[in-house]
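What follows is the residue order along each chain.
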Amino acid sequence: MWIVRPLKCFFNHGQVVITDLIFPDAESKGLEIFTADEQITLFSLELYALK
């Protein structure tokens, strides 16, 4: 059985948006945020459960 989670990321007050579907393991309990090449500063993070 696949677990599907929608993911929406908004950057620069909504000027940039990423929408994707992720398929985490059933036991997955964490979240990891990283970049490929650049260092960034995360000023805020809001997580919402979608209905």
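Q: Explain the overall build of the protein chain here, please?
A: What the protein chain contains, in helices and strands, is 0 helices and 2 strands. Projected onto its principal axes, the C-alpha positions of the protein chain cover 35 × 25 × 15 Å. In the protein chain, buried positions account for 0% of the 51 residues. For the protein chain, the exposed surface amounts to about 5,700 Å²; the carbon and sulfur share of it is 56%. In the protein chain, 4 side chains carry a positive charge and 7 a negative one; their mean positions are 16 Å apart.

Q: Explain the environment of tyrosine 48 here, please?
A: Looking at the secondary structure, you find tyrosine 48 in the segment after strand S2 (16-22). Placed 41 residues apart in sequence, tyrosine 48 and leucine 7 show a C-alpha to C-alpha distance of 10 Å.

Q: What should I look at first to understand the pairing of strand S1 (residues 5-11) in this one?
A: Here S1 runs beside S2; their pairing, made up of 7 bridges, is antiparallel. Bridge pairing links phenylalanine 11 to valine 16 in S2.

Definitions and limits used
Residues numbered from 1 in each chain as written. Predicted model: local features only at pLDDT ≥ 70, side-chain atom pairs only at ≥ 80, totals over all residues. Heavy atoms only, no water. Helix = DSSP H or I, 4+ residues; strand = E, 2+ residues; numbered from the N terminus. Buried < 20%, exposed > 50% of the residue type's maximum accessible area, 1.4 Å probe, protein only. Areas by Shrake-Rupley, 256 points an atom, 1.4 Å probe, with all protein chains shown as cover. Lys, Arg positive; Asp, Glu negative; His and termini not counted. Charge placed at Lys NZ, Arg CZ, Asp CG, Glu CD. Pairing = 2+ DSSP bridges.

None of the figures reported here should be taken as evidence of function without further support.
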